[in-house]
Amino acid sequence: MAGVETMTRAQARRVALRAQALDRPRRDAPVTMRRLTGTVERINLLQIDSVTVLARAHLMPLFSRLGPYDTALLDRAAGRAPRKLVETWAHEASYVPAATYPLLEWRRRAAQQEAWGVIAGATDAHPVELDLVRSLVTDLGPVTAGRIHAELEAAGRSGGRSREAWGWNWSVAKRCLEYLFFTGEVLSARRNGSFERCYDLAERVLPPAVRATPPVPDDVAVRRLLELGARAHGVGTVRCFRDYFRLRGPAVRTALDELVDEGTLVPVEVQGWPERTYRHRDAVVPRRAEAATLLSPFDPLVWERRRLLALFDVHYRIEIYTPAPQRRLGYYVLPFLEGERIGALVDLKADRAGRVLRVLAAHRTDDTGPDTAGRLAAELWTLAAWLGLDDVAVAPRGDLSAALAATAGTRMPD
């Protein structure tokens, strides 16, 4: 295309890594609240997921960028006033900077279209219980779904449990709470020791400045969210950018055109990437990328699997829901970022009872280098120490496992 800026794939990789704060080695300095919240503001959100085979999903992206840190900082940022992070539906259930929360009001207002059946149907299926739950949260909050369920049960309104996907065994109390959470009437004031939400009224959770923010027009909010996704990616397709906050519909195309017209997004051609791509105008192309870190399956760099393939030549799928005999790489596989390449794919499990970080499989990629095993071993020991584990054990599965076991100083099991 005449006159369109071109980028090599190596340049695009480095842009993506800089945008995600993954291009430089981690600083050997204590992680402060300012550094932690600044990192979340840079990548926009932390996805929450229930899988705990290694560490909770929202904890790992910060470890990948900051190294070992005190997770109590994150609990404080999201669970103590004035909250710097707020839990809401963004990419999926996520922590977002408090200032981002008003940009998602249109989704909360459109719950009937944006939420899935078991939540969207709560207004028709449980109108009386919804009112009871509102009153109970007002009186008891912050309160868990279990406590609300007990209160409804005592009132003879607990009902049955849902068998639908996404909350297949939710009580009536949980369904009502999740509807109110989706719409923003209630929020998570904090998570308890079992990682259950403690629900409270939104006005008792949100910082005063956020409560005072005027409503953001829908088109402005979508454009801003698309721009934030583009900023966080640095370079990519409209599919990449809209996926960041799960945007959809014709408003996305309108927002894209406006961002291009005003020069916020610059059309580019990335060599080897056949789709139409755009660079955020503030994106930086660093001369080199030097980080060495593990990325969780829920890291923003690897969310969009087609983008990962286009930029890094890595075909990566999370295989949690794949039957064990059909898994190619393992159950909970993490890419190992080595400079500007993905050098390995490792299936990890935290054996907390045995205090061992177990490498269930270690596979090479096309970009595995002569030092990959050594650099990965060092990262595994760092991760193990952060998780409170005493050892690293490498199982004999995968074409990198022997070299990794030898380098990590562990004995491969028989």
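Above this note sits the structure.
Residues numbered from 1 in each chain as written. Predicted model: local features only at pLDDT ≥ 70, side-chain atom pairs only at ≥ 80, totals over all residues. Heavy atoms only, no water.

### Overview of the overall build of the protein
The test is simple: Helix and strand assignments follow DSSP, with helices taken as H or I runs no shorter than four residues and strands as E runs no shorter than two, numbered in order from the N terminus. As defined in this context, the radius of gyration uses C-alpha atoms, and a globule is described by 2.2 Å times the residue total to the power 0.38. Residue contacts are defined here by distance: any two heavy atoms, one from each residue, within 4.5 Å place the two residues in contact. Each accessible area value is a Shrake-Rupley result obtained with a 1.4 Å probe; residue values ignore everything except the protein chains displayed when judging cover.
The helix and strand inventory of the protein stands at 19 helices and 14 strands. Relative to the 2.2 N^0.38 estimate, which gives 22 Å for 414 residues, the radius of gyration of the protein is 22 Å and therefore close to what a compact globule would have. Dimensions of the protein, computed from the C-alpha atoms along their principal axes, are close to 65 × 60 × 40 Å. Relative to all contacts within the protein whose residues are 6 or more apart in sequence, the contacts with residues 24 or more apart total 65%. Split by element, the accessible area of the protein, about 18000 Å² in all, is 49% carbon and sulfur.

### Notes on the sheet that holds strand β12 (residues 341–351)
The line we're drawing: Between any two strands, pairing holds if DSSP finds at least two bridges. Throughout, an axis means a line fitted to C-alpha atoms (over the contacting stretch in the case of helices), and angles, computed between N-to-C directions, take values from 0 to 180 degrees.
Read from one edge of the open sheet, 5 strands run β10-β11-β12-β13-β14, paired in mixed fashion. One side of each edge strand has no neighbouring strand; the edge strands of this open sheet are β10 (292–294) and β14 (391–394). Each neighbouring strand pair of the sheet contributes to a mean axis angle of 30°, computed without reference to strand direction. Across 4 bridges, strand β13 (residues 356–364) lies against β14 in parallel orientation. Within the sheet, the bridge partner assigned to V356 lies in β14 and is D391.

### Considerations on the pattern of salt bridges
Our working definition: Each salt bridge in this description consists of a side-chain nitrogen of Lys or Arg and a carboxyl oxygen of Asp or Glu lying within 4 Å of one another. Only protein chains enter the accessibility calculation, which uses a 1.4 Å probe. A residue is then buried if its area is under 20% of the maximum for its type, exposed if over 50%, and partly exposed in between.
All told, the structure shown has 35 salt bridges when counted by the stated rule. We note a salt bridge from E340 to R14, for which the minimum N-O separation is 3.3 Å. Linking E340 in the loop between β11 (333–338) and β12 with R14 in helix α1 (residues 9–19), this pair joins segments that are 326 residues apart in sequence. By relative accessible area, R14 is classed as buried at 14%. Measuring nitrogen to oxygen at the nearest pair gives 2.7 Å for the salt bridge that ties D218 to R109. Taken as a pair, D218 in helix α14 (residues 218–233) and R109 in helix α5 (residues 105–109) lie far apart in primary sequence, 109 residues in all. Members of the salt-bridge network, linked through shared partners, are E87, K174, E178, R191 and R197.

### Notes on the packing of α14 against helix α16 (residues 250–261)
Two quantities define a packed helix pair, namely the angle between the helix axes and the distance between the axes. The condition that has to hold: The scheme is simple: roughly parallel for angles under 35 degrees, roughly antiparallel for over 145, roughly perpendicular for 65 to 115, oblique for anything else. Left-handed is the label given to a crossing in which the near helix is rotated counterclockwise from the far helix by less than a right angle, and right-handed is the label when the rotation is clockwise. Side-chain classes follow a simple rule in which Ala, Val, Leu, Ile, Met, Phe, Trp, Tyr, Cys and Pro form the nonpolar group, Asp, Glu, Lys and Arg form the charged group, and the remainder, Gly included, forms the polar group.
At a minimum axis distance of 9 Å, the contact between α14 and α16 shows a crossing angle of 65°. It follows that α14 is roughly perpendicular to α16 by the angle criterion. For the element pair α14 and α16, the recorded crossing hand is right-handed. Between α14 and α16, the residues in contact are V222, R223, L226 and E227 and A251, V252, A255, L256, E258 and L259, respectively. Across the contact of α14 with α16, the residue classes break down as 7 nonpolar, no polar and 3 charged.

### Structural notes on the environment of G236
With respect to the helices, strands and loops of the structure, G236 is situated in strand β7 (residues 235–236). You can call G236 buried: its relative accessible area is 0%. When the C-alpha atoms of G236 and A310 are compared, they prove to be 9.8 Å apart, with 74 residues separating the residues in sequence. Apart from residues no more than four positions distant in its own chain, G236 is found in contact with F241, W273, R276, T277, Y278 and R307.

Bear in mind that shape data such as this cannot, by itself, settle questions of function.
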